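# Commentary on secondary and tertiary structure
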Amino acid sequence: MRIGFSLPQYGVMAQELGKLADFARQAEELGAGSLWVADRVLAAVNPSVGYGGTDTIPWQMHAALDPFVALSVAAGATERALLGTSALIAPWYPPLLLARSLTGVDVVSGGRLIPGLGTGWSPEEYQGVGVPWKERGARLDECLDVLEAVWTTEPVAQHDGRHYAFPAAHIGPKPVQRPRPPVYLSGFAPASQRRAARRANGILPVAVPVRGSAFDADAVINQPLQQVRRLAEAEGRDPAGIDAILRINPTSESTMPEIADIVLRTADQTDVDHVFVDLVYLADQGVDHWLELLQQTLELTR
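Parameters and conventions
Along each chain, numbering runs from 1 in the same order as the chain's sequence is written. Only residues with pLDDT of at least 70 are given local features in this predicted model, and only at 80 or more are side-chain atom pairs given and counted; all residues enter the totals for whole chains, interfaces and linings. The side-chain quantities take in all heavy atoms of the structure and omit both hydrogens and water. Any two strands between which DSSP finds at least two bridges are classified as paired. Where helices and strands are cited, they refer to DSSP runs of H or I of at least four residues and of E of at least two residues respectively, numbered from the N terminus. Contact definition: two residues touch when any of their heavy atoms are within 4.5 Å. Interaxial angle, 0 to 180 degrees, is taken between N-to-C directions of lines fitted to C-alpha atoms, where a helix line uses only the stretch in contact. For this analysis, a nonpolar core means a set of buried residues of the types Ala, Val, Leu, Ile, Met, Phe, Trp, Tyr and Cys, connected via side-chain atoms within 4.5 Å. A simple rule labels every residue: compare its accessible area, found with a 1.4 Å probe on the protein chains alone, to the largest value its type can have, and call it buried under 20%, exposed over 50%, or partly exposed in between. Working rule for helices: expected span equals 1.5 Å times residues minus one. Picture the helix axis, draw a direction to every C-beta atom, and the arc is the one those directions span. Angle categories: roughly parallel below 35 degrees, roughly antiparallel above 145, roughly perpendicular from 65 to 115, and oblique for all the rest. Left-handed describes a crossing whose near helix is turned anticlockwise from the far helix by less than a right angle; the clockwise case is right-handed. Residues are grouped as follows: Ala, Val, Leu, Ile, Met, Phe, Trp, Tyr, Cys and Pro are nonpolar; Asp, Glu, Lys and Arg are charged; all remaining types, including Gly, are polar.

## With respect to the sheet that holds strand 1 (residues 2-6)
The strand order 9-11-12-1-2-3-4-7-8-10 describes an open sheet built from ten strands, whose pairing is parallel. In the strand order of this sheet, the two ends are held by strand 9 (206-207) and strand 10 (243-244), each with one partner. Here strand 8 (residues 202-203) runs beside strand 10; their pairing, made up of two bridges, is parallel. Bridge assignment links G202 to a residue of strand 10, and that residue is D243. This element, helix 5 (residues 136-152), spans strand 4 (113-118) and strand 7 (184-185) of the sheet and lies at about 155° to strand 4.

## As for the nonpolar core
One finds L7, F23, L35, L98, L117 and L279 to be the most contacted residues of the largest nonpolar core, which totals 82 residues. The residues contacting L98, other than those within four sequence positions of it, are F68, L88, A90, Y93, C143 and L147. Listed in part, the six residues of the second largest apolar core include W36, Y184, L204 and F276.

## Focus: helix 3 (residues 95-108)
Compared with the 20 Å implied by 1.5 Å per residue over 14 residues, the 20 Å span of helix 3 between its first and last C-alpha is a close match. Of the residues making up helix 3, those classed as buried are P95, L98, A99, L102, T103, V105 and D106. On an axial view of helix 3, the arc spanned by its buried residues comes to 160°, and they lie on one face. Residues of helix 3 that are exposed and angled more than 90 degrees away from the buried face: R100 and V108. Looking at the buried side of helix 3, the elements it contacts are helix 2 (67-77), strand 3 (82-89), strand 4 and helix 5. With its phi angle positive at about 75°, G110 sits one or two positions after the end of helix 3.

## Let's talk about the packing of helix 6 (residues 190-199) against helix 7 (residues 217-234)
For the pair helix 6 and helix 7, interaxial distance at closest approach is 8 Å and the crossing angle is 55°. Judged by the angle between their axes, helix 6 and helix 7 are oblique. Considering how the two elements wind past one another, helix 6 and helix 7 form a crossing that is right-handed. Contacts between helix 6 and helix 7 involve Q193, R194, A196 and A197 from the former and P224, Q227, V228, L231 and A232 from the latter. Residues of the contact of helix 6 with helix 7, tallied by class, amount to six nonpolar, two polar and one charged.

As structure tokens, this is what we get:
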């Protein structure tokens with residue numbers, strides 16, 4: 001089982017971002033198999049859609065380091081850990097610029113990028129970047145088209161899409177990973193499952209530890225993954241080529257044994273062999289605390 005962790009990108013970490021390279025280096029030395037970032041541009045004071053079914057946005061999201069900066073720092077400080085995004089909000093970015101940034105991370109890391117893409121949940125963030133909320137699905141689809149073309153063809157053919165256009169062009173460098181980095185998408189709603197079945201190498205399920213309740217691996221991982229694989233087979237794809245990476249998203253009330261239990265149950269009850277833990281709501285005392293919790297998780301799951 002590969003066990004990864006989110007990079008200290010949010011919250012109190014905004015005061016300690018100078019320690020990011022040291023954190024990434026030490027995390028890898030301790031045994032972290034992957035390091036992850038997410039994507040935020042603002043936290044609305046009065047959001048129309050709150051986080052995780054609430055009517056607010058957690059204070060930890062009030063400050064966020066740019067994901068490409070965090071990945072670049074981690075790439076330079078590590079040698080083996082995979083570098084993932086869960087998830088970049090692809091519709092916010094012109095696809096050519098997104099391709100350039102993702103390719104850069106893959107190149108400077110020696111081919112360790114795992115791009116996880118999504119559409120997000122905050123209408124106010126779409127307003128802030130000047131992209132219509134209602135276009136998010138169509139823009140993600142077009143973005144996937146452009147990434148595929150940029151990463152796998154040379155020269156890249158002219159693109160005349162609904163939202164973006166560019167002439168036939170030479171666009172390099174290409175990613176180290178061939179034919180391209182593996183793309184992961186969410187697989188919750190029916191529309192996202194159909195998209196993942198057509199376009200993705202895997203899905204990104206999320207587990208939240210619940211006090212007093214055992215982790216239900218079937219509901220969180222096996223059933224969604226099986227559904228996407230069935231849809232992929234109907235599209236003429238090999239269902240065995242689609243996997244999942246589980247994100248464990250503890251709350252401030254979660255305990256390390258609860259997190260470890262999810263890791264161990266995933267290893268025992270699914271064919272998923274990669275999980276990562278987002279410690280943002282637990283590591284509220286800075287980067288050193290983040291490393292302590294990371295080490296505890298690894299020790300409990302060995």
